[in-house]
Amino acid sequence: MKKPVLYSFRRCPYAMRARLAVASAGLEVELREILLRDKPAAFLAASPSGTVPCLVTGDGVIDESLDVMIWALSQKDPEGWLKMPEEGADLIARADGPFKDALDRTKYANRYPGVDRDAQRDIAALFLGDLDTAIDEWIFDRPTLADFAILPFVRQFAFIDKHWFDTQPWPSLQGWLERFLVSDRFAHIMEKYPQWQEGDPPTLFS
């Protein structure tokens, strides 16, 4: 039976969280690492949005990262990531909406004429302060979908100005991120793969 195909880009936080869920579920997919500046025709034909991640299964195409996570964990969820309090979905929505908007306007301020970069950083910081209050070791009492859907974006924000991030009064948030960055799980999903070309033998990821 043909394996699902996951189009990915290593450094994209949306693709990171898709790989996190696939790995947690213990599924095996054909990973196709692409460059966003050099998108292959097969990827563009598969992805309605032209963005990663894009998962091609026997039942169709899943083109949103959170949907890829839920699809993978719906197959197998050995760590119980889907069993999270309702507040987890609200936090993910805030991360994907207002926080990501502010993150982009902080990191890529030159793309948004007239936007005040510092004001956008302050908006992002409000969300991070709320997260810091929620976190003990994890957002809830154990790891859930919320942690791994949000961590790649907190990582992206932190490295805009790591010194500034590290000096903020967010000890729980900073510890949560640091444990993720030094984990075997993060190392696994950040392994480097060659750029996929049509006709290449399959590269398997699980």
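Above: the structure in question.
Residues numbered from 1 in each chain as written. Predicted model: local features only at pLDDT ≥ 70, side-chain atom pairs only at ≥ 80, totals over all residues. Heavy atoms only, no water.

## A short note on the overall build of the chain
Helix and strand counts for the chain stand at 9 helices and 5 strands. Counting helices and strands in the order they occur from the N terminus, the chain gives β-α-β-α-β-β-α-α-α-α-α-α-α-β. Its C-alpha atoms give the chain a radius of gyration of 17 Å, within 12% of the compact-globule value 17 Å for 206 residues. Considered along the principal axes of its C-alpha atoms, the chain spans approximately 50 × 40 × 30 Å. Each of the 206 residues in the chain was classed as buried or not, and the buried ones make up 47%. A separation threshold of at least 6 residues defines the contact pool for the chain, and within that pool the share at least 24 residues apart is 70%. Carbon and sulfur atoms form 51% of the exposed surface of the chain, whose accessible area is close to 10300 Å². (Helix = DSSP H or I, 4+ residues; strand = E, 2+ residues; numbered from the N terminus. Rg over C-alpha atoms; globule rule 2.2 N^0.38 Å. Buried < 20%, exposed > 50% of the residue type's maximum accessible area, 1.4 Å probe, protein only. Contact = heavy atoms within 4.5 Å. Areas by Shrake-Rupley, 256 points an atom, 1.4 Å probe, with all protein chains shown as cover.)

## Some details on the environment of Val 182
Structurally, Val 182 can be placed in the loop between helix H8 (171-181) and helix H9 (184-189). Residues Val 182 and Trp 170, 12 residues apart in the sequence, show an inter-C-alpha distance of 18 Å.

## A look at the pattern of salt bridges
Throughout the structure, instances matching the rule amount to 7 salt bridges. In this structure, the salt-bridge partner of Asp 130 is Arg 94, at a minimum N-O distance of 3.0 Å. With Asp 130 in helix H5 (residues 117-134) and Arg 94 in helix H4 (residues 86-107), the pair connects residues that are 36 residues apart, well separated along the chain. Given a relative accessible area of 40%, Asp 130 falls into the partly exposed group. A salt bridge links Lys 162 to Asp 166; its shortest N-O distance comes to 3.0 Å. Taken together, the positions of Lys 162 and Asp 166, both in helix H7 (residues 162-166) and 4 residues apart, correspond to about one turn of that helix. (Salt bridge = Lys/Arg side-chain N within 4 Å of Asp/Glu carboxyl O.)

## Looking at helix H6 (residues 145-158)
The terminal C-alpha atoms of H6 lie 20 Å apart, and with 14 residues this matches the ideal 20 Å at 1.5 Å per residue to within 8%. Of all the bends in H6, the largest measures some 35° and sits at Leu 151, one to four residues before the proline Pro 152. (Expected span 1.5 Å × (residues − 1). Bend = angle between axes of the 7 residues up to and from the residue.)

## Remarks on the packing of H4 against H5
H5 packs onto H4 with a crossing angle of 150° between their chain directions and a minimal axis gap of 7 Å. Regarding the angle of H4 to H5, the classification is roughly antiparallel. Of the two possible hands of crossing, H4 and H5 adopt the one that is left-handed. Judged by residue contacts, Leu 91, Arg 94, Ala 95, Phe 99, Asp 101, Ala 102, Arg 105 and Thr 106 of H4 engage Arg 117, Gln 120, Arg 121, Ile 123, Ala 124, Leu 126, Phe 127, Leu 128, Asp 130 and Leu 131 from H5. A breakdown of the residues in the contact of H4 with H5 according to their chemical character gives 10 nonpolar, 2 polar and 6 charged. (Axes fitted to C-alpha atoms, helices over the stretch in contact; angles between N-to-C directions. Parallel < 35°, antiparallel > 145°, perpendicular 65-115°, else oblique. Left-handed = near helix turned anticlockwise from the far one by under 90°. Nonpolar A, V, L, I, M, F, W, Y, C, P; charged D, E, K, R; others polar.)

## As for the packing of H5 against H8
One can describe the packing of H5 onto H8 by two numbers: an axis separation of 7 Å at closest approach and a directional angle of 85°. Here H5 lies roughly perpendicular to H8, going by the angle between them. Residues Leu 128, Leu 131 and Asp 132 of H5 pack against Pro 171, Ser 172, Leu 173 and Trp 176 of H8. For the contact of H5 with H8, the class distribution of residues is 5 nonpolar, 1 polar and 1 charged.

So, to be careful, I would describe these as geometric facts and stop short of saying anything about function.
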